[in-house]
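# A look at the structure
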Amino acid sequence: MTELDLLYSEVEEDLRSAVRAVLADRCPPQAVLARCEGPEPQDAGLWRTLAQELGVVALQVPEALGGAGASLRETAVVLEELGRACAPVPFLGSAVLATTVLLAAGDRAAGEWPALCAGDRTAVLAVALSTAPDAPFPLGVRADAAGGLTGAVTSVADVPGAGLLIVPADGPAGPGLYAVDAADVTVTARGSLDLTRPLADLRLDGAPGRLLVGPDQAEAVLWEALLTGAGLLASEQLGLAEWCLATTVAYLRERRQFGRVVGSFQALKHRLADLWLDIAGARAAARAAADALATGSADAAVLVAVAASHCGTVAVRAAEEAVQLHGGIGMTWEHPVHLYLKRAKADQLALGAPGRHRASLATLARLPAPGGPLPRMPHV
């Protein structure tokens, strides 16, 4: 196991402060609630602010391409704050999943960076949100010799407002990743548990595609993108859990019952202390995964599996505790805690459920598998 740096640098803390200040101003919980009731759950204006004023939508993109030239550690810090605010922006889909593929595509993606880095356009990796890193290459779309794509992809996140789709397809020479203009695809919205991260089904009928990554690298690049997404999603789950804990503690310090502050009851103190310990462990796991991905560590797949399995479970528990300990007000639409519970549960199923990551971890750690074979990890 390589040496890991789990601490936040001064630059990362400054970045956190800047992002948190913008989100506090532009994305308070009541504004997110109001937006979820409207026709556009995602905030395009906030996305442009994050891109143009803070430059965080292209943190890991090299400066020569218009990005900030930072690392995935900084991207993870941004995701913590977006999770803390339950921000309705397509950061995971565009700035993490799609950007990882486009960086691997090299010169074939050169024309995409100006609009993406400026926040004028977003990109989406067209796979089901539940797709785990160790899943087989998707075969729902086929490419003909001329690059026309035909097929369907279900439950894709962050499609509304996206201009570029990156579609995995099986071509004449084998699997490939193709760039497709969203205007050439039929998009059908579908119900989403997380109201701030809408899902959609895609239908392609001869849509013109441009090859980004050929058969020799397509499977490995897709695996890298999904692994990066799963590892950094843990940071979003960490931020979400921290908000739930902090908000619940603040509420219990003010709420009174039987003539006492509710937070003074020992049973509640024990529940909050146990949750704090879980979140401390989640922070270590999320930071380890982010650092391993940023440094290209050989242990990245192992640490991502640990973070994805642990942080997803902790985030759901934190949100459930927040709902319960807020009492009656926590059960109402007017209080934003339900948004965090829905995102926590949706995140837990995104990019591989905890059980899937534990199975992958067993394979990576060469542990015996009782009850049958474990998922194969072909790219590790």
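These notes cover the structure that comes with them. From a predicted model like this one, the values you see are computed outputs, not experimental measurements. (Residues numbered from 1 in each chain as written. Predicted model: local features only at pLDDT ≥ 70, side-chain atom pairs only at ≥ 80, totals over all residues. Heavy atoms only, no water.)

## Looking at the overall build of the protein chain
Along the protein chain, the regular secondary structure elements total eleven helices and nine strands. A globule of 380 residues ought to have a C-alpha radius of gyration of about 21 Å, and the protein chain, at 21 Å, matches this closely. Here the C-alpha coordinates of the protein chain stretch approximately 75 × 50 × 40 Å along the principal axes. Counting only residues that meet the buried cut, the protein chain has 54% of its 380 residues in that class. Across the protein chain, every contact between residues at least 6 apart in sequence was considered, and the portion connecting residues at least 24 apart equals 76%. With an accessible surface of roughly 15,900 Å², the protein chain has 55% of that area assigned to carbon and sulfur atoms. A gap of 8 Å separates the mean positions of the 30 positive and 41 negative side-chain charges of the protein chain. (Helix = DSSP H or I, 4+ residues; strand = E, 2+ residues; numbered from the N terminus. Rg over C-alpha atoms; globule rule 2.2 N^0.38 Å. Buried < 20%, exposed > 50% of the residue type's maximum accessible area, 1.4 Å probe, protein only. Contact = heavy atoms within 4.5 Å. Areas by Shrake-Rupley, 256 points an atom, 1.4 Å probe, with all protein chains shown as cover. Lys, Arg positive; Asp, Glu negative; His and termini not counted. Charge placed at Lys NZ, Arg CZ, Asp CG, Glu CD.)

## Side note on the packing of aromatic side chains
Within this structure, the stated rule accounts for two aromatic pairs. Measuring from ring centre to ring centre gives 6.4 Å for tryptophan 47 and phenylalanine 91, while their planes differ by 70°; the resulting arrangement is edge-to-face. Taken as a pair, tryptophan 47 in helix H3 (residues 44-54) and phenylalanine 91 in helix H5 (residues 91-105) lie far apart in primary sequence, 44 residues in all. A relative accessible area of 2% means that phenylalanine 91 is categorised as buried. Considering the side-chain rings of tryptophan 243 and tyrosine 340, the 3.7 Å spacing of their centres and the 5° angle between planes classify their relative orientation as stacked. Remark: tyrosine 340 occurs in helix H10 (residues 337-349) and tryptophan 243 occurs in helix H7 (residues 218-254); sequence separation between them is 97 residues. Under the relative-accessibility criterion, tryptophan 243 is labelled buried at 13%. For tyrosine 340, a relative accessible area of 2% puts it in the buried group. The residue whose ring lies beneath arginine 16 is tyrosine 8, and the NZ or CZ to ring-centre distance is 4.6 Å. (Phe/Tyr/Trp six-rings, centres within 6.5 Å; stacked < 30°, edge-to-face > 60°. Lys NZ or Arg CZ within 6 Å of the ring centre and 35° of its normal.)

## As for empty space enclosed by the protein
Under the defined criterion, the tally for this structure stands at five cavities of 30 Å³ or more. The space that makes up the largest cavity amounts to roughly 70 Å³. Of all the secondary-structure elements, those providing two or more residues to the lining of the largest cavity are H5, strand S1 (123-125) and strand S3 (148-157). Each residue belonging to the lining of the largest cavity can be placed in one class, and the counts come to eight nonpolar, one polar and one charged. (1 Å grid on protein atoms, 1.4 Å probe; cavity = no way out; pocket = protein on both sides within 12 Å on 5 of 7 lines; lining within 4 Å. Points joined across faces, edges and corners; volume = space filled by probe spheres on them. Nonpolar A, V, L, I, M, F, W, Y, C, P; charged D, E, K, R; others polar.)

## Considering the layout of surface pockets
In this structure, the largest pocket spans a volume of roughly 380 Å³. Per-element accounting of the lining of the largest pocket gives the leading share, four residues, to H7. Of the residues contributing to the lining of the largest pocket, the split by class is eleven nonpolar, six polar and one charged. Here the second largest pocket is characterised by a volume of approximately 300 Å³. Ala44, Thr122, Pro160, Gly161 and Ala162 are the residues nearest the centre of the second largest pocket, which is lined by 17 residues in total.

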